[in-house]
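# An overview of the molecular structure
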Amino acid sequence: MFRRILVANRGEIALRIIRACKELGVESVVVYSEADEDALYRRFADETICIGPPPSASSYLDIPRIISAAEVANVDAIHPGYGFLSENSDFADICRSCKIAFIGPSPETIAMVGHKARAKDLARRAEVPVVPGSDGLVDNDEDAVGIAADIGYPVMIKAAAGGGGRGMRIAHSELVLKKEFMAARTESQAAFNDGSLYLEKFIERPRHVEVQILSDHHGNVVHLGERDCSTQRRHQKLIEEAPCPVLTDELRRKMGEAAVRLTRAAEYTNAGTVEFLLDANGDFYFMEMNSRLQVEHPVTEMITGIDLVKEQIRIAAGEPLSFSQEDVEIRGHAIECRINAEDPDRNFRPSPGRVGLYVPPGGPGVRVDSHLFSNYMIPSHYDSMVAKVIVHRATREEAIASMERALSEFVVEGIKTTIPLYHRILRHASFRAADIDTSFVEKLLGS
Ligand code: MV4
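Residues numbered from 1 in each chain as written. Predicted model: local features only at pLDDT ≥ 70, side-chain atom pairs only at ≥ 80, totals over all residues. Heavy atoms only, no water.

Around the ligand there are 16 residues in total, and Lys158, Glu200, Lys201, Ile203 and Glu288 lie nearest to it. Here a nitrogen atom of the ligand sits 2.9 Å away from a polar atom, N or O, in the side chain of Lys158. Between the ligand and the protein, one listed contact pairs a nitrogen atom with a backbone N or O atom of Ile203 at 2.9 Å. Here the ligand, which alone exposes 510 Å², has 89% of that area covered by the protein. Broken down by secondary-structure element, the contributors of at least two residues to the shell around the ligand are strand 6 (155–163), strand 8 (197–201) and strand 13 (284–290). Considered class by class, the residues forming the shell around the ligand number 7 nonpolar, 5 polar and 4 charged. (Near = heavy atom within 4 Å. Polar contact = N/O pair within 3.5 Å; in protein donor to acceptor, adjacent residues only side chain to side chain. Areas by Shrake-Rupley, 256 points an atom, 1.4 Å probe, with all protein chains shown as cover. Helix = DSSP H or I, 4+ residues; strand = E, 2+ residues; numbered from the N terminus. Nonpolar A, V, L, I, M, F, W, Y, C, P; charged D, E, K, R; others polar.)

This is the structure we're talking about:
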């Protein structure tokens, strides 16, 4: 096992990683920017190192500063958390050159799964279902029109270098496709410095379902079931739940096995997530693979009893997984609500500032992952997510009731939060019936 780990992140996830280190008997070192001087995670770490001014570009995203901190602190590994440098293959490569273990997949794997078109190609070869579309990149609008005639309209134009909903366009006809194709190329070239495009059949009103996998350096790969993340707004997830309320055991097994095949084909190690679109017919299609720990990992932890961060660290230290697929049991239902410091009445405008009274909810099956405390000053420089409320109960109905109860107890004075929006969603008949797709929240908000 490692002796000392550097946490290259901030906020709730830095706390989460420190907690895992403590339970493993590993020392933790955290980096922080000048804006995070009073952060809670600094108190819980064994050592803290200031790496620069508030802007992420000169602190949490600055590779030389973070590597210098790692060298000074003499750590054997770096945990990148999510966001920031977590999916940066250059960073993982530099860690390797410096003989520091990167807690995540190899730089080669990060680069491969991070390229949408290459990842889709890999999925095809691993016999993982993919959305019908172009076999690789599309060179010009004429070819695009030919492919669209084969697969049928509507079609979606996607940027190979895009992701997270960026660089996508829908075309319902040949005329629109021709026009949008050229516009997509220009936009993608400008945004990603890469104009490569590909074409897919447009899947209407899909659910977003993702499978958690763990893979060690000894050839063991397991999946830990799925999460349904359909409750999102503008590609920002709001509520995640596990298991997906509409999957049959048969579909769950098929999706899990597909995720494991892709993991093996990518020679992927550590924790990862394979995202699928699930359509109304129950057909699922590979979307992308995320090579990081995800924000919503707690719902999987709750239903499996597996500590994903501890497993990530053990895997990176070369330990074999201590359980097999047959040992993974899904118990009950977990729901997570991401609480953002934003004003839902003002188009979700960020609402940083000083927190007044802070009282997190508790009681049976309630978990709060947050770095907030009373009188804490939320810096304006970073992501607006300030807490995750996670509940775990025997059934989905009980989990929803428990979440409503927990959110009603949650006191966060001084700032605006998205808590009121969750009350609206949780009592909505469509949400309660699990009759939702990725457009549910936008329809609810009338936008
Ligand atoms: C799609 C799609 C429909 N058809 N691809 C959005 C993020 C990116 N990872 C892929 N996305 C989509 N790809 C085809 N062929 C619809 C979406 C999509 C979406 C997917 C997951 C979660 C939320 C979404 C919101 C809008 C669109």
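There's more to say after this.
Now for the sheet that holds strand 4 (residues 77–79). Where strands meet in a sheet, backbone hydrogen bonds hold them as pairs that are either parallel or antiparallel. Spatial ordering of the open sheet is given by 3-2-1-4-5, a layout of 5 strands whose pairing is parallel. The open sheet has two edge strands with one neighbour each: strand 3 (47–52) and strand 5 (101–102). The sheet contact formed by strand 4 and strand 5 spans 2 bridges and is parallel. Counterpart to Ile78 in the pairing with strand 5 is Phe102. Set on the sheet, helix 3 (residues 63–73) makes contact with strand 1 (4–7), strand 2 (27–33), strand 3 and strand 4; between it and strand 3 the angle comes to about 150 degrees. (Pairing = 2+ DSSP bridges. Contact = heavy atoms within 4.5 Å. Axes fitted to C-alpha atoms, helices over the stretch in contact; angles between N-to-C directions.)

With that settled, the discussion passes to the domain arrangement of the protein chain. As assigned here, the protein chain comprises domain 1 (4–103), domain 2 (132–201) and domain 3 (207–445). Relative placement of domain 1 and domain 2: their C-alpha centres are 38 Å apart. (Domains from an automatic or database assignment.)

For the rest of this paragraph, the subject is the pattern of salt bridges. Enumeration over the complete set of coordinates arrives at 37 salt bridges. A salt bridge links Arg16 to Asp307; its shortest N-O distance comes to 2.8 Å. Pair noted here: Arg16 is in helix 1 (residues 11–24) and Asp307 is in the loop between helix 10 (297–304) and helix 11 (308–316), with a separation of 291 residues, a long-range link. Comparing Arg16 with Asp307, the two get one shared label, buried. Among the ionic pairs, Glu404 bridges to Arg432, the shortest N-O distance being 2.9 Å. One end of the pair, Glu404, is in helix 12 (residues 396–409); the other, Arg432, is in helix 14 (residues 429–432), with 28 residues separating them in the sequence. With a relative accessible area of 38%, Arg432 lands in the partly exposed category. Here the salt bridges do not stand alone but share partners, grouping Glu210, Arg227, Lys237, Glu240, Glu296 and Arg338 into one network. (Salt bridge = Lys/Arg side-chain N within 4 Å of Asp/Glu carboxyl O. Buried < 20%, exposed > 50% of the residue type's maximum accessible area, 1.4 Å probe, protein only.)

The next point concerns unusual backbone geometry. Residue Pro154 is bonded to the preceding Tyr153 through a cis peptide linkage, with omega at -5 degrees. Position of Pro154 relative to the elements: it lies in the loop between helix 7 (141–151) and strand 6. A cis amide bond, omega -5 degrees, links Ala242 with the succeeding residue Pro243. Along the polypeptide, Pro243 turns up in the loop between strand 11 (236–242) and helix 9 (249–265). Phi at Asn270 takes a positive value of approximately 80 degrees, unusual for a residue other than glycine. On the secondary structure map, Asn270 appears in strand 12 (residues 270–278). Residue Asn270 is classed as buried on the basis of its relative accessible area of 2%.

Counting buried positions along strand 9 (residues 207–215) gives 9 out of 9 residues, so the element sits mostly inside the fold. Alternating positions in strand 9 separate into two faces, Arg207, Val209, Val211, Ile213 and Ser215 on one and His208, Glu210, Gln212 and Leu214 on the other, with burial throughout. Here strand 9 pairs with strand 12 via 9 bridges, running antiparallel. Residue pairing for strand 12: Ile213 is matched across the bridge by Gly272. By the bridge criterion, 6 bridges tie strand 9 to strand 10 (residues 221–233) in an arrangement that is antiparallel. In the strand pairing of strand 10, Val209 is matched with Asp228. Adjacent in sequence and paired antiparallel, strand 9 and strand 10 are bridged by 5 residues, among which Gly219 carries a positive phi angle near 85 degrees.

Taken N-terminus to C-terminus, the directions of helix 1 and helix 11 make an angle of 65 degrees; their axes are 9 Å apart at the nearest point. Considering the relative orientation of helix 1 and helix 11, their crossing is right-handed. Where helix 1 abuts helix 11, its residues Arg16, Ile17, Ala20, Cys21, Glu23 and Leu24 lie against Leu308, Val309, Lys310, Ile313 and Arg314. (Left-handed = near helix turned anticlockwise from the far one by under 90°.)

Residue position: Asp369 is located in strand 19 (residues 366–370). In terms of polar contacts, Asp369 uses its side chain to reach the side chain of Arg367, at 2.9 Å. Those residues in contact with Asp369 that sit more than four places away from it in its chain are Glu12, Arg16, Pro298, Ala387, Lys388 and Ile390.

A few words on the side chain of His371. Position of His371 among the secondary structure elements: in the loop between strand 19 and strand 20 (377–378). By relative accessible area, His371 is classed as buried at 5%. Polar side-chain contacts of His371 include one of 3.3 Å to the backbone nitrogen of Glu12. In this structure His371 touches Gly11, Glu12, Leu15, Leu40, Tyr376, Met385 and Val386, once residues within four positions along its chain are discounted.

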